[in-house]
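# Structural description and commentary
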Amino acid sequence: MKPYHKFLVLALACLFLKPIDSKAQEQVKFKQPSLENQQSWTMILLPDIQNYVKFKRNQPILDVMMNWIVENEEKMNIKMVMCTGDLVEHDDIINPDPKKMDQTGKQQWEASAKAFGKLDGKIPYITATGNHDYNIFSYTHKPKTTHFPQYFPADKNSKNQRLLREVTANVYGNPSLENASYEWKSPHGKDFLFLSLEFAPRDTILRWANQVVNQEKYANHSVLLLTHAYLNFKNEHIETAKYDLQDANYGTAVFNRLVKPSKNIEMVFSGHIGSPNDVKKHLGFRIDKNAAGKNVSQMTFNAQALGGGTYGSGGDGWIRILEFLPDGKTVKVRTFSPFFALSSNTQNMAWRTEDYDEFTIKLN
């Protein structure tokens, strides 16, 4: 064998015997989200977005999340987007402390509405109102007023408007999407009713919600309830809160007065909770029976203090992907960050796969 041939053989041997970099392995393993079953449909659950919009620097991360949803609408068969509320950090502040937020209340509402505007005319979305969306952090505490109707009117998204069925009056006496229901039939022929309730719903709102879900025309629908403050990180219903509100109902009351007496509420979604850089303190899950003896899967999902706490990134772009399989009963839950998925240097962090972040729910 000629000398240069020996050198070539040696070089090739070194190439194939070179240890594989573990980080490179992780990057090779990364996969963008895809459907387990091509006949499935998907719902995206967004956590509280207040810490994305309160700082100008964080708003592009929210854009990444919304752009991912639009980009993957067809691939993931995305049919609905739900957000747990707290669309802003402060409803009406005009002189923010730049260390705590650098956007006025008006600027925050504009940023929130603009982000959801990416979905307008493309995908229906429903958002709860959270405590930060009301003026309870301002000079007046009663009643809990909000600019939500101004920035999220019924005609903002034509896809929403087609599904809208029931609304009731807010504290101003005007019909508002703060409390509304939407009817939708899945590609598998299953009837759904999405019901969204304001933060700490008033007694009149719970009575209205009961009337809605008990209508004969919705008797065979699967009702998915969206509200803001419902479960804590110990998987317990929230009993009370520190806000100066007299006519207010939190998780325990909402469960006892609406969810438990119902015969068709099958899922409840909420946000609200969190602790700096502690994933588990942003999450809650439990299953209870309703009056018909059916399981009600109740999920709290948030991320607002991940990525540096209250004044960090806003939540590192985490979303929940809920894949509804064609059997009409199985829901696969996964937790993903389109933000981390952007770069090959962070794609190894784009999935959370602990059992509290990746699991299966069985509907009735």
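This structure is a prediction, so every number in the text was calculated from the model and none was measured. All residue numbers refer to positions counted from 1 along the written sequence of the respective chain. Restriction of local features to residues with pLDDT of at least 70 applies here, the model being predicted, together with a cutoff of 80 or more for giving and counting side-chain atom pairs; totals for whole chains, interfaces and linings are based on all residues. Only hydrogens and water are removed before side-chain values are computed, so all heavy atoms of the structure are retained for them.

## A word on the overall build of the protein chain
Looking only at helices and strands, the protein chain features 9 helices and 14 strands. Taking 364 residues into account, the globule formula puts the C-alpha radius of gyration at 21 Å, and the protein chain, at 23 Å, falls close to it. By principal-axis analysis of the C-alpha atoms, the protein chain measures approximately 90 × 50 × 40 Å. Looking at the protein chain as a whole, 54% of its 364 residues are labelled buried. Summarising the internal contacts of the protein chain: among those between residues at least 6 apart in sequence, 70% fall at separations of at least 24. For the purposes of this entry, the term helix denotes a DSSP run of H or I that reaches at least four residues, the term strand denotes a run of E that reaches at least two, and both are numbered from the N terminus. In this setup the radius of gyration rests on C-alpha atoms only. A globule is expected at 2.2 Å times the number of residues raised to 0.38. Relative accessibility decides the category of a residue: with a 1.4 Å probe and only protein chains considered, values under 20% of the type maximum give buried, values over 50% give exposed, and everything between is partly exposed. The contact rule is simple, with two residues in contact once any of their heavy atoms fall within 4.5 Å.

## Things to note about the pairing of strand E7 (residues 222-226)
With 5 of 5 residues buried, E7 is to be regarded as a mostly interior element. Burial of the side chains of E7 extends over both faces: Ser222, Leu224 and Leu226 are buried on one face and Val223 and Leu225 on the other. Here the rule is simple: two strands pair whenever DSSP picks up at least two bridges between them. Alignment of strand E6 (residues 191-196) against E7, held across 5 bridges, turns out to be parallel. Within E7, the residue paired with Leu195 across the bridge is Leu225. On the question of chirality, the crossover connecting E6 to the parallel E7 by way of helix H8 (residues 203-213) is right-handed. Two strands pair when backbone bridges link them, and E7 and strand E8 (residues 265-270) are joined in this way by 4 bridges, in the parallel orientation. Of the residues in E8, the one forming a bridge with Leu226 is Phe269. When the strands point away from the viewer, a crossover counts as right-handed if the path from the first strand over the helix to the second runs clockwise.

## Here we look at the pattern of salt bridges
Salt bridge, as used here: a side-chain nitrogen of Lys or Arg that lies within 4 Å of a carboxyl oxygen of Asp or Glu. Tallying each qualifying case throughout the model produces 14 salt bridges. Notably, a salt bridge pairs Arg352 with Asp357, separated by 2.7 Å at the nearest N-O pair. A single network of salt bridges, built from pairs that share partners, joins Lys144, Glu198 and Arg202.

## Here we look at the packing of aromatic side chains
Given two aromatic rings, their pairing is described by the distance between the two centres and the angle made by the two planes. Aromatic pairing here means that ring centres of Phe, Tyr or Trp (its six-membered ring) are within 6.5 Å. Orientation follows from the plane angle: under 30 degrees is stacked, over 60 is edge-to-face, and everything else is tilted. Applying the stated criterion across every chain, the model contains 20 aromatic pairs. Here Trp68 and Phe336 contribute two aromatic rings whose centre-to-centre distance is 5.5 Å and whose plane-to-plane angle is 45°, an arrangement assigned as tilted. Highlighted residues: Trp68 in helix H4 (residues 59-71) and Phe336 in strand E12 (residues 330-336), separated in sequence by 268 residues. Each residue in the set Trp109, Phe116, Tyr125, Phe148, Tyr151 and Phe152 is aromatic and connected to the rest through ring pairs, giving one cluster.

## Quick look at H4
Side chains of residues three or four places apart in an α-helix project in the same direction, reflecting 3.6 residues per turn. With 13 residues, H4 should reach 18 Å at 1.5 Å per residue; the first-to-last C-alpha distance of 18 Å fits that figure. Within H4, the full set of buried residues consists of Gln59, Ile61, Leu62, Val64, Met65, Met66, Trp68 and Ile69. For H4, the secondary structure elements touched by its buried residues are strand E1 (41-46), helix H3 (50-53), strand E2 (78-83), helix H5 (105-117), strand E11 (319-324) and E12. Here a helix's expected span is defined as the number of its residues, less one, multiplied by 1.5 Å.

## Examining the confidence of the model for the protein chain
Close inspection of predicted coordinates is inappropriate in any region flagged by low pLDDT. How sure the predictor is of each residue is captured by pLDDT, a score from 0 to 100. For the protein chain, mean pLDDT is 92; residues scoring 70 or higher make up 91% of the total. Note on residues 3-18: pLDDT is under 50 here. Beyond four places in sequence and across chains, it has 2 contacts. For the stretch residues 20-27, pLDDT sits under 50, and the model shows 5 contacts to residues farther than four places along the chain or on other chains.

## Observations regarding the sheet that holds E6
Judged by pairing direction, the sheet is mixed, and its 7 strands sit side by side in the order E4-E5-E6-E7-E8-E10-E9 without closing on themselves. Since the sheet does not close on itself, it has two edges, and those belong to strand E4 (164-169) and strand E9 (283-289), each with one partner. Neighbour-to-neighbour, the strand axes of this sheet turn through a mean angle of 15°, independent of strand direction. With 6 bridges joining them, strand E5 (residues 175-185) and E6 adopt antiparallel strand pairing. Residue Tyr182 lies in a different strand from E6, and its bridge partner there is Phe194. Inter-axis angles, ranging from 0 to 180 degrees, are taken between N-to-C directions of lines fitted to C-alpha atoms, where helices are fitted over the stretch in contact. Across the face of the sheet, H8 comes into contact with E4, E5, E6 and E7 while running at roughly 155° to E4.

## Examining the packing of H4 against H5
When two helices pack together, their arrangement is given by the angle between the helix axes and by the axis-to-axis distance. The contact between H4 and H5 brings their axes to 9 Å, and the two run at 25°. As judged from the angle between their axes, H4 and H5 are roughly parallel. Pair H4 / H5 crosses with right-handed handedness. On H5, the residues that touch Gln59, Leu62, Asp63 and Met66 of H4 are Ala111, Ala115 and Phe116. Between 65 and 115 degrees an angle is taken as roughly perpendicular, under 35 as roughly parallel, over 145 as roughly antiparallel, and anywhere else as oblique. With the far helix as reference, a near helix turned anticlockwise by less than a right angle produces a left-handed crossing, and one turned clockwise produces a right-handed crossing.

## As for the packing of H8 against helix H9 (residues 251-259)
Running from N to C, H8 and H9 cross one another at 35°; their axes reach a closest spacing of 10 Å. The chirality of how H8 crosses H9 is right-handed. For the pair H8 and H9, contact is made by Asp203, Leu206, Ala209, Asn210 and Val213 and by Ala253, Val254, Arg257 and Leu258, respectively. A class-by-class count of the residues in the contact of H8 with H9 yields 6 nonpolar, 1 polar and 2 charged. Under the convention adopted here, Pro, Cys and the residues Ala, Val, Leu, Ile, Met, Phe, Trp and Tyr are nonpolar, Asp, Glu, Lys and Arg are charged, and Gly plus all remaining residues are polar.

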